[in-house]
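Take a look at the letters that make up each chain.
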Amino acid sequence: MSSPPNLERVLVVEDELSMRTILADCLERRGYRVLTSADGADGLTRALHEKPDLVLLDLMLPKLDGFAVCRELRRLGFRGRILILTARGRVEDRVQGLDAGADDYLPKPFSRDELLARVRALLRRNDAASQTPPRILLGDVTVDLAARRALRGDEELPLSAREFAMLALLIERAGQVVTREDFLDRVWGVTAFPTTRTVDKHIVSLRQKIEIDPAQPRWIHTVHGTGYRLELPPARAEAESAQATPDPIRMLQDLHANGEGLHPQQAKSSLREVREDRKRWRTK
Ligand code: CA
């Protein structure tokens, strides 16, 4: 049985030749177009140039580790999905990976079916995301994430690239605290060394541009001693949180319900693996 050709592109960043070959083979058989990279620095460069729909990212990599690759990709505005490959049981890796901007993780060793199920689910989220215009309304201000600009009515607000990146990060984590360190990591990057006061100064300037009354901010709230939090208008906040971090069990069930490829028996064994894995995670 041959799969129909698929135009979606997946970049596999993995230094172990055998694992890289297995992953590439498995995806190519399903019709994905596969690119590969054997170290973190090359993976980062390829992802930025080739803009794949999905990056399968190992964590332990020469030159630049998976966490750093992930953070840099997000900081530089990479919009594809990132699936991190972690060693089974390394809970802190998963948490750190998701914090660094990954969309999901896959514990090693994994079954081929589970890998393919997660790849399909993530690529489906890509489709959904690209169909919704990434425009956010903050009162009379429209933030156009794709064009990287903000408008009040027809008038473009003079946001600097840094201010826009800070606003985009606040929107991405709407309703949650973004710490000063998060801003430094994502907006200034690992090679710059500004102080946390720099973050505060940029927030003051950002508020002056987007808030009606910067002294009584409606959107960007200060969380004392920690950082800042963006409050979206209520309806929007609910819609956003509904599509937050995926629940792996839910994802497999959805796939099964949609009749997408997983044989009931395979789905059952994948589910069992996920549940066992979770149990182990919880008892740590
Ligand atoms: Ca490795």
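Report on the accompanying structure. (Residues numbered from 1 in each chain as written. Predicted model: local features only at pLDDT ≥ 70, side-chain atom pairs only at ≥ 80, totals over all residues.)

Looking at the environment of Thr-36
Tracing the sequence through the fold places Thr-36 in strand β2 (residues 33-37). Here Thr-36 falls in the partly exposed class, since 18 other C-beta atoms lie within 10 Å of it. Contact partners of Thr-36, with chain neighbours within four places excluded, come to Val-12, Arg-20 and Ala-24. (Helix = DSSP H or I, 4+ residues; strand = E, 2+ residues; numbered from the N terminus. Buried ≥ 20, exposed ≤ 12 C-beta atoms within 10 Å, placed from the backbone. Contact = placed C-beta atoms within 7 Å.)

Overview of the nonpolar core
Core analysis: the largest hydrophobic core is formed by 32 residues, its most contacted members being Leu-56, Leu-57, Cys-70 and Ile-84. The greatest single-element share of this core, amounting to six residues, is contributed by helix α5 (residues 112-131). Ignoring sequence-local partners within four residues, the contact set of Leu-57 consists of Val-13, Gly-66, Val-69, Cys-70, Ile-82, Leu-83, Ile-84 and Leu-85. Counting 20 residues, the second-largest nonpolar core is a separate cluster that includes Ala-165, Val-178, Ile-203 and Ile-220. (Core = buried A, V, L, I, M, F, W, Y, C linked by C-beta atoms within 7 Å.)

Considering the sheet that holds strand β12 (residues 227-230)
Across the sheet, three strands lie side by side as β10-β12-β11; this open sheet has antiparallel pairing. The two strands at the open ends of the sheet, each matched to only one other strand, are β10 (177-179) and β11 (220-223). If you compare each strand with its neighbour and ignore which way they point, the axes differ by 35° on average. Pairing of β11 with β12, which is carried by four bridges, proceeds in the antiparallel orientation. Note that in β12 the partner of Val-223 across the bridge is Gly-227. Where helix α6 (residues 161-172) meets the sheet, its contacts fall on β10, β11 and β12, and the angle it forms with β12 comes to roughly 65°. (Pairing = 2+ DSSP bridges. Axes fitted to C-alpha atoms, helices over the stretch in contact; angles between N-to-C directions.)

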